[in-house]
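In case you want the letters, here they are:
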Amino acid sequence: MYNINQFIDERNLELWNSLNSKFNIRIEQSKNREYSCFTQNNDATIYIDENNICKDSFTHELLHIHLKEKEFYLGSSLKLKIAQSRILSRILSEKLIEHIGNCLDHLKMFEIYESLGFRREKFLVDFYDYKCTEFELIELSRNYKIGNKINTNAVDFYIGKLVAILCDPNNENDYQKPLTIFKKLDSKLYSIVEKLIQDTKSYNLNNEDIFVSYRDISNDFFSNLISWIENNKIS
């Protein structure tokens, strides 16, 4: 048994109490020395690193559960929408869809995490990593188009990198150069991904309007990608 006071203080107490009233939350030792969580129905398990007791990391996992509490399943919705298109399913890998969903979840979580007063640099293990190297930029620039056709093998990488950049919580990372190159390579696809990020940022987790749903975000993203495919030559 763990002493919950190791993980809870005045900053996250209200969040803990709210979640604890709706979920059966267990705390277990992680097998890979990383913080993570698993939620199924009303059961949630938070895995912690006993050698690194960290309220910031624990709160990150609480916020994953909080998204479930708010019934925010944008990642799953994106996966279901993409699966409806044979060509999109061929171009976009399952790994990419998982990556997008995780990044969008983190967008919503970080807003709350920061407002609670936790350390920005503790939000992600790779917080300080620059999300696009010079080599990756050169390779993408060389391979994105074959003649006048877009190389489908490069689209997955393009979207994944752009999402990682636009969702990076470390505002000290300067992405002006890569973003300029991404926009020049494919301004339409750039705009589609940018809209996905902005729509997610703007979405109100506390919204109670039955006519407004996170599914609107995935539906728009899907429709925009289909339109993009129809207006481009794909190799």
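See the structure shown above.
Predicted, not measured: the structure shown is a model, and the values here were computed from it.

In this structure, what is going on with the pattern of salt bridges? I would like to understand it.
It is possible for side chains bearing opposite charge to pair when their charged atoms get close. Counted under the stated rule, the structure contains 14 salt bridges. The closest approach of N and O atoms between Asp-9 and Arg-11, which form a salt bridge, is 2.8 Å. Judged by its relative accessible area of 27%, Arg-11 is partly exposed. As a salt-bridge pair, Glu-111 and Lys-108 come within 3.5 Å of each other at their nearest N and O atoms. Remark: Lys-108 and Glu-111 occur in helix α5 (residues 94-115); sequence separation between them is three residues, near one turn of the helix. Using a relative accessible area of 38% as the deciding quantity, one classes Glu-111 as partly exposed. On the accessibility criterion, Lys-108 (1% relative accessible area) is buried. Among the ionic contacts, a cluster of salt bridges with common partners joins Asp-9, Arg-11 and Lys-55.

About the cut-offs
- Residues numbered from 1 in each chain as written.
- Predicted model: local features only at pLDDT ≥ 70, side-chain atom pairs only at ≥ 80, totals over all residues.
- Heavy atoms only, no water.
- Salt bridge = Lys/Arg side-chain N within 4 Å of Asp/Glu carboxyl O.
- Buried < 20%, exposed > 50% of the residue type's maximum accessible area, 1.4 Å probe, protein only.
- Helix = DSSP H or I, 4+ residues; strand = E, 2+ residues; numbered from the N terminus.

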